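Listed below are the residues making up each chain.
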Amino acid sequence: MTYEDIPSAYVARAEVLAGVLGREVAPDDPDREVIEAWAGGVPGRILDVGSGTGRWAGHLAALGHTVDGIEPSGPFVDMARESFPTVAFRHGAISDLDGTQERWAGLLAWYSLIHMDGQELPVALATLHRVLEAGGQLLLSFFTGPCHGPFAHPAATAYLWPMDCMVTALERAGFRVTGRRTQPGAPHAVVTARSAA
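The name given to the chain in an unreviewed UniProt entry is Class I SAM-dependent methyltransferase, with Dietzia cinnamea as the source organism.

Below you can see the structure in the form of structure tokens.
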């Protein structure tokens, strides 16, 4: 399965996956602290890349941030628009940002690049770098492990990335990594970066 096939996989299981992801951010969600703190340092518009059910875009908008969402799964876009009608959600993939003149001060990519393999990820990161304002900020979460490779995911094949490999991929795309964090005993990882241009 290629990355172009992923939206179809999410469409087929949209309701089930929405139940897993949630349509709102819970008060005790452990990711709130990380995402809210990051967004608080972004001085302009934020793009939620792979916005899913829209829960993070909607949450940040409720906190006063200007947020857009882009999501390749049509059913998720419909859910997001229904739940958060004041947020602009567009139906599209990262590749659809090629050629756009729009720029954002912050990019939130929360587990939205996990289905990309070693050929697809560098292309996506280069596109994200192009749509980020000079000095703009990226918050990226992914699954990490000692070796790069695929693993089973409820929707479609996802990939583990060693932290050093992800940092290298970001730097090659033009980002300057400013922070990295892993979770002991779990595959969850977070990286913050800025546009180096």
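Having seen the structure, we can now continue with the description.
Concerning the pairing of strand β3 (residues 88-91)
Sheet topology places strand β2 (residues 67-71) next to β3; 4 bridges connect them, and they run parallel. Across the sheet, the residue bridging to Gly-69 is Phe-89, located in β3.

As for the nonpolar core
In terms of nonpolar packing, the biggest core is built from 32 residues, with Leu-107 and Leu-170 touching the most fellow members. Among the elements that make up this core, the one with the highest residue count is helix α7 (residues 163-172) (5 residues). Not counting residues within four places of it along the chain, the set of residues in contact with Leu-107 comprises Trp-38, Leu-47, Val-49, Leu-128, Val-131, Leu-132, Gln-137, Leu-138 and Leu-139. Membership of the second largest hydrophobic core comes to 21 residues, among which are Trp-38, Val-77, Trp-110 and Leu-139.

Things to note about the sheet that holds strand β8 (residues 175-182)
The strands that make up a sheet pair up through hydrogen bonds in the backbone, lying either parallel or antiparallel. Here 7 strands make up an open sheet; going across it, the order is β3-β2-β1-β4-β5-β9-β8 and the pairing mixed. Edge positions in the open sheet fall to β3 and β8, since each of these has one partner strand only. Strand-to-strand twist of the sheet, defined as the mean angle between neighbouring strand axes without regard to direction, takes the value 15°. As defined by bridge partners, strand β1 (residues 46-49) adjoins β2 across 4 bridges and the pair is classed as parallel. Bridge assignment links Val-49 to a residue of β2, and that residue is Ile-70.

Considering the state of the cysteines
Scanning the model with the defined rule gives 0 disulfides in all. Summary of cysteine pairing: Cys-147 is not part of a disulfide, and the nearest cysteine sulfur, belonging to Cys-165, is at 9.1 Å. In this structure Cys-147 comes out as exposed when scored by relative accessible area, which is 54%. Relative accessible area serves as the criterion here: at 36%, Cys-165 is assigned to the partly exposed category.

Conventions we followed
- Residues numbered from 1 in each chain as written.
- Predicted model: local features only at pLDDT ≥ 70, side-chain atom pairs only at ≥ 80, totals over all residues.
- Heavy atoms only, no water.
- Pairing = 2+ DSSP bridges.
- Helix = DSSP H or I, 4+ residues; strand = E, 2+ residues; numbered from the N terminus.
- Core = buried A, V, L, I, M, F, W, Y, C linked by side-chain atoms within 4.5 Å.
- Buried < 20%, exposed > 50% of the residue type's maximum accessible area, 1.4 Å probe, protein only.
- Contact = heavy atoms within 4.5 Å.
- Axes fitted to C-alpha atoms, helices over the stretch in contact; angles between N-to-C directions.
- Disulfide = S-S within 2.5 Å.

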